[in-house]
Amino acid sequence: MKGLTAWSDLLQRGGLYVLLFFIPFSIAAIELSFPLLLVGWLLERLQPGGWRVSVWARQSSRWALVSLASYVAICAFSVLNSSYPLKSLEGLIGKTLEYALFFIVVADIVRKPGVARGAFVTLCLSAALVGGDAVAQEVFGREPIRGHWLYVYGRMTGPYTNPV
């Protein structure tokens, strides 16, 4: 069981840090890192007593779960009133439920010792890279990560697709 715990912790921390570092560069970072987070979280929950250590097992978290369930229920209700119910159902299942589960998983991961600090450091490193990339674009006319030229928009974009 000790090896399983190590793997679940590695997947959870690694998935979270990868997500936080790469999200400014690509929305696909969520799609790539979420499976790592989810598998690591499920591995931890499958261990004996795994559900008891969850932040969601605490009485103080009940209102957050009620709020999340209410939000998902309202989104589900909107599918019934949609002009395009199949497309709305696809969005509900493919995005709304995924992000709700993502919220549950990340809230559980961040409660671990050192994860919040590691997440903050990762965000700072990512922000420094984004800032450096934008400054390089201003100085050289072309940013090094995505190759955006400064004259296309007339202002810095950094690694983002447009300056708006």
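Check the entry above for the structure.
Definitions and limits used
- Residues numbered from 1 in each chain as written.
- Predicted model: local features only at pLDDT ≥ 70, side-chain atom pairs only at ≥ 80, totals over all residues.
- Heavy atoms only, no water.
- Salt bridge = Lys/Arg side-chain N within 4 Å of Asp/Glu carboxyl O.
- Helix = DSSP H or I, 4+ residues; strand = E, 2+ residues; numbered from the N terminus.
- Buried < 20%, exposed > 50% of the residue type's maximum accessible area, 1.4 Å probe, protein only.
- Phe/Tyr/Trp six-rings, centres within 6.5 Å; stacked < 30°, edge-to-face > 60°.

A.B. asks: For the pattern of salt bridges, give the residues involved together with the corresponding values.
C.D. replies: Here the structure, examined in full by the defined rule, presents eight salt bridges. A salt bridge links Lys112 to Glu44; the shortest N-O distance between them is 3.1 Å. You can see Lys112 sitting in the loop between helix H4 (85–110) and helix H5 (115–140) and its partner Glu44 sitting in helix H2 (residues 28–46), a full 68 residues away along the chain. Glu44 sits in the buried class, given a relative accessible area of 14%. Here Arg111 and Asp108 are joined by a salt bridge, their closest N and O atoms 3.4 Å apart. The exposure class of Asp108 is buried, given its relative accessible area of 0%. Linked by salt bridges that have partners in common, Asp9, Arg13, Glu44, Arg45, Asp108, Arg111 and Lys112 make up one network.

A.B. asks: Outline the packing of aromatic side chains, supporting the account with residue identities and numerical values.
C.D. replies: Counting across every chain of the model gives two aromatic pairs. With centroids separated by 5.0 Å and ring planes inclined at 85 degrees, the aromatic side chains of Phe21 and Phe22 adopt a geometry described as edge-to-face. Residue classification places Phe21 among the partly exposed positions, given a relative accessible area of 22%. Classification of Phe22 by relative accessible area gives partly exposed; the value is 43%. With a centroid separation of 5.9 Å and an interplanar angle of 55 degrees, the aromatic rings of Phe34 and Phe102 are classed as tilted. Taken together, the positions of Phe34 in helix H2 and Phe102 in helix H4 put the pair 68 residues apart, joining distant regions of the chain. You'll find Phe34 and Phe102 in the same group, each marked buried.

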